[in-house]
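Remarks on the overall topology
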Amino acid sequence: MKAIPTNPKGFTLFELLVAMAAGSVVMIAIYAAYINHSRSHVTQQLVVEMQQNARAAMSLIKREVRMMGYDPVASDGVDNDATGGIDDETSGAGILEAEYQNASGISTIRFTADHSYDGATDDEHEDVVYTLVGTQLQRNGQIVAYDIEALGFAYAFDVDTDDDEELDQSAGGNIIWAIDKNTGDTKLDSFLDTNDDGIIDENDTEGGSNMATQIDIGFIRAVRIWLLARTRHPIPGHTDNNTYVVGANHRGPADGDWDPRRKRVLLTTTIYCRNMGI
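Helix and strand counts for the chain stand at one helix and 13 strands. Reading the chain from its N end, one meets helices and strands in the order α-β-β-β-β-β-β-β-β-β-β-β-β-β. The buried share of the chain, taken over its 278 residues, is 38%. Of the roughly 15,400 Å² that the chain leaves accessible, carbon and sulfur atoms contribute 53%.

In structure tokens:
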């Protein structure tokens, strides 16, 4: 009876265990790389979505605010109402509200423009209100953007009698950016650059300081806009402990509903109202 020969090229149990362990390490590394790549992709998608959302919202507001006060029948050289007087008619277009509600930190702007060229601003698209409800940017009650964390407006004006059409300046030679904190009186009563350094930032008093003289909103000639957007979902591992200055509102970790796991982007712009004196 022949003996069964042994195979000197076979694997020992120890070798099999070593190979399995090495394979497991490789698989774990591949899986970890996949997870990191997946998370990075999701984060990039959220950031891109946030930026597009913020830019689209800002573009919409800019386009409409720029047309604030558009009143073609007041300067077209035509007797539109057939009363015998040229340019004696007007739609009365302009800014109606420039409010900041300090308790809730909500800014609202309302303005009109005679887009229909009929001497009135009674159409829905001619009387515009922008405000923030929760994290929804609304135009005339309709949602135009989500995940907007803060919205701010400030206003520069020209009340000088020298007809230079220059925006009024502070004692330090800086443009005065003001808001209306007393809801309903249509008067700018607080200025934002409280340390008069030409920059509205964390060094200025939140909510602004009282102006010596209140200014009627009819003298507004420029609007500054701040828009703070955030990602739709929190991002694991991300921490945002910054404080963002959004007009009169300082938004950051001190706020009870602050979620540091969300990425944010702050957009700012200044619009000179070409139909209101400049």
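After presenting the structure, the write-up continues.
The next point concerns the sheet that holds strand S5 (residues 142-145). Reading across from one edge, S1-S2-S3-S4-S5 is the order of the five strands in this open sheet, with antiparallel pairing throughout. Bordering the open sheet on either side are strand S1 (95-101) and S5, each of which pairs with just one other strand. Pairwise comparison of adjacent strand axes, ignoring direction, gives a mean angle of 20 degrees for this sheet. Pairing of strand S2 (residues 106-112) with strand S3 (residues 127-133) involves four bridges; the strand directions are antiparallel. Of the residues in S3, the one forming a bridge with Thr-112 is Asp-127.

Across all of its chains, the model carries one aromatic pair by this definition. In this arrangement the basic side chain of Arg-264 is found over the ring face of Trp-258, its NZ or CZ atom lying 3.5 Å from the centre.

Bringing the pattern of salt bridges into the picture now. Going through the model one piece at a time under the given rule, you end up with 13 salt bridges. Between Arg-110 and Asp-127 there is a salt bridge whose closest N-O contact spans 2.7 Å. Placement of Arg-110 in strand S2 and of Asp-127 in strand S3 is noted, with a sequence separation of 17 residues between them. Note that Arg-264 and Asp-240 form a salt bridge whose closest N and O atoms lie 3.4 Å from each other. One end of the pair, Arg-264, is in strand S13 (residues 264-272); the other, Asp-240, is in the loop between strand S10 (220-230) and strand S11 (244-246), with 24 residues separating them in the sequence. On the accessibility criterion, Arg-264 (10% relative accessible area) is buried. One salt-bridge network, held together by shared partners, links Glu-149, Asp-240, Arg-251, Asp-255, Asp-257 and Arg-264.

Let's shift gears to the pairing of strand S6 (residues 148-157). Within S6, 10 of the 10 residues are buried, which leaves it mostly tucked inside the rest of the structure. Sheet topology places S6 next to S10; nine bridges connect them, and they run antiparallel. Paired with Phe-157 across the two strands is Ile-220, which belongs to S10.

Turning our eyes to something else, we now look at the side chain of Asp-189. Mapped onto the elements, Asp-189 comes out in strand S8 (residues 187-191). The charged side chain of Asp-189 is buried without a salt bridge, its nearest counter-charge being Lys-181 at 6.2 Å. Residues in contact with Asp-189, not counting those within four places in the same chain, are Ile-179, Asp-180, Lys-181, Asn-182, Ser-209, Asn-210, Met-211 and Gln-214.

With that out of the way, let us pick up the nonpolar core. Ranked by internal contacts, the top residues of the largest apolar core, which has 37 residues, are Leu-137, Val-223 and Leu-227. Among the elements of the structure, helix H1 (13-66), S1, S2, S3, S6, strand S9 (209-216), S10 and S13 are those that each provide at least two residues to this core. For Leu-227, the contacting residues outside a window of four places in its chain are Ala-54, Ala-57, Met-58, Ile-61, Leu-137, Ile-148, Ala-150, Leu-151, Val-265, Leu-266 and Leu-267. Among the nonpolar cores identified, the runner-up in size contains 17 residues, and Ala-156, Leu-167, Ile-200 and Trp-226 belong to it.

How each quantity is defined
Residues numbered from 1 in each chain as written. Predicted model: local features only at pLDDT ≥ 70, side-chain atom pairs only at ≥ 80, totals over all residues. Heavy atoms only, no water. Helix = DSSP H or I, 4+ residues; strand = E, 2+ residues; numbered from the N terminus. Buried < 20%, exposed > 50% of the residue type's maximum accessible area, 1.4 Å probe, protein only. Areas by Shrake-Rupley, 256 points an atom, 1.4 Å probe, with all protein chains shown as cover. Pairing = 2+ DSSP bridges. Axes fitted to C-alpha atoms, helices over the stretch in contact; angles between N-to-C directions. Phe/Tyr/Trp six-rings, centres within 6.5 Å; stacked < 30°, edge-to-face > 60°. Lys NZ or Arg CZ within 6 Å of the ring centre and 35° of its normal. Salt bridge = Lys/Arg side-chain N within 4 Å of Asp/Glu carboxyl O. Lys, Arg positive; Asp, Glu negative; His and termini not counted. Contact = heavy atoms within 4.5 Å. Core = buried A, V, L, I, M, F, W, Y, C linked by side-chain atoms within 4.5 Å.

As far as function goes, none of this settles anything; it's purely spatial.
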